[in-house]
Amino acid sequence: MLTLPGNWQSALEDYILGADFGNLCLKVARERENYKIFPAAGDLFNAFFLTDITQVKVVILGQDPYHDDNQAHGLAFSVPSGIKLPPSLRNIYKELAMEYSWEKLPESGDLSSWAQQGVLLLNTVLTVRAHQANSHSKLGWEAFTDEVIKVLNRRAENKVIFILWGNPAQKKRRLIDESKHAVLCSAHPSPLSAYRGFFGSGIFRRTDEILIESGRTPINWASVR
């Protein structure tokens with residue numbers, strides 16, 4: 001059985017002890033026996049280890065992990081330091097550069113510093129077969145990430161900003177009480193859709209404005225440099 005770090009495990013206990021999560025764990029284990037699966041088992045829940053449920057200020061919700069070698073490490077859109085920036089992440093940096101007048105893009109793709117500031121970097125699906133995008137889209141992860149959103153929606157003491165990129169992420173909007181929390185949507189930052197509503201969205205600056213309005217510290221997005 002897969003386990004999450006302390007506060008997440010207890011917050012999601014009812015779901016984790018149920019049959020659906022047990023079946024998901026078995027499916028993931030069988031996949032790992034027969035295929036190369038990303039991220040590695042030890043990295044699967046890195047987003048939850050780096051961002052405790054009590055510290056979540058922002059949720060950035062993507063689709064599924066990167067499916068090429070050495071990229072996925074348990075944080076949506078992030079890659080380990082030293083790995084070439086994937087196109088989606090490069091576009092994220094380009095939007096940040098436009099919003100905050102950065103002179104150059106960061107070289108590192110490791111977004112751990114965002115996670116440590118309260119940005120939960122979550123995909124709707126947490127695993128993928130090597131070189132097969134969306135190959136685990138029907139494995140059962142969507143139900144798990146539904147529960148994560150429900151718990152945050154219900155338990156968060158302060159306003160959480162949910163950034164939903166692309167259609168799979170935006171399907172989660174129905175789970176969020178927008179009288180308590182903020183939802184910001186745009187196109188996905190992938191090259192296929194970035195020019196159809198991601199670039200120019202101002203989504204990062206708006207996130208910081210909402211945090212400031214709520215009496216919270218804005219995110220230092222430039223900490224990745």
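It should be noted that the structure appears before, not after, this text.
A few points on the structure.

Calculation criteria
- Position numbers for residues count from 1 along each chain, tracking the sequence in the order it is written.
- Confidence filtering applies because this is a predicted model: local features only for residues at pLDDT of at least 70, side-chain atom pairs given and counted only at 80 or more, and all residues used for totals across whole chains, interfaces and linings.
- Processing note: side-chain calculations cover all non-hydrogen atoms of the structure and skip hydrogens and water entirely.
- Between rings of Phe, Tyr and Trp, where Trp is taken as its six-membered ring, a pair exists when centres lie within 6.5 Å; planes separated by under 30 degrees are stacked, by over 60 edge-to-face, and by other angles tilted.
- Put simply, DSSP H or I for four residues or longer makes a helix, DSSP E for two residues or longer makes a strand, and each gets a number counted from the N terminus.
- Only protein chains enter the area calculation, which uses a 1.4 Å probe; residues under 20% of their type maximum are buried, those over 50% are exposed, and those in between are partly exposed.
- The rule for pairing is simple: two strands pair if DSSP sees at least two bridges between them.
- The criterion used for residue contact is that any of the two residues' heavy atoms lie within 4.5 Å.
- To define axes, lines are fitted to C-alpha atoms, for helices over the stretch in contact only, and angles between the resulting N-to-C directions are given on a 0 to 180 degree scale.

Further remarks concern the packing of aromatic side chains. Under the counting rule described, the total for this entry stands at 17 aromatic pairs. Measuring from centroid to centroid gives 6.3 Å for Y15 and F144, while their planes differ by 45°, and the two rings are tilted. Highlighted residues: Y15 in helix α2 (residues 13-16) and F144 in helix α7 (residues 141-155), separated in sequence by 129 residues. Judged on exposure class, the residue Y15 and its partner F144 are both buried. Ring centres of W165 and F198 lie 5.4 Å apart, and the angle between their planes is 85°; this geometry places the pair in the edge-to-face category. One end of the pair, W165, is in strand β5 (residues 161-165); the other, F198, is in the loop between β6 (182-186) and α9 (203-213), with 33 residues separating them in the sequence. Judged by relative accessible area, W165 falls into the buried class, the value being 0%. Its relative accessible area of 0% is what places F198 among the buried residues. Members of the aromatic cluster, connected to one another through ring pairs, are F77, W114, W165, Y195, F198, F199, F204 and W221.

Burial of β5 is extensive: 5 of the 5 residues sit out of reach of the surface. Neither face of β5 is open: one carries I161, I163 and W165, the other F162 and L164, and all of them are buried. Bridge count between strand β2 (residues 58-62) and β5: 4 bridges; the pairing is parallel. When the bridges of β5 are listed, V59 appears paired with F162. The sheet contact formed by β5 and β6 spans 5 bridges and is parallel. Bridging from a neighbouring strand, L164 pairs with C185 of β6.

Take unusual backbone geometry next. The linkage connecting F38 with the following residue, P39, adopts the cis geometry, with an omega of -10°. For P39, the position within the fold is in the loop between β1 (37-38) and α4 (46-50). With a phi angle near 55°, S101 is a residue other than glycine that sits in the positive phi range. Its place among the elements puts S101 in the loop between α5 (87-100) and α6 (112-115). Owing to a relative accessible area of 62%, S101 belongs among the exposed residues under this scheme.

With that settled, the discussion passes to the environment of A97. Position of A97 relative to the elements: it lies in helix α5. With near-sequence residues (within four places) excluded, A97 lies in contact with W102 and L105.

Spatially, the 4 strands line up as an open sheet ordered β3-β2-β5-β6, and their pairing is parallel. This sheet does not close on itself; its edge strands, each paired only once, are β3 (119-123) and β6. Averaged over all pairs of adjacent strands, the angle between strand axes in this sheet comes to 15°, irrespective of strand direction. The strands touched by α7 within the sheet are β2, β3 and β5, with β3 carrying the most contacts at an inclination of about 155°.

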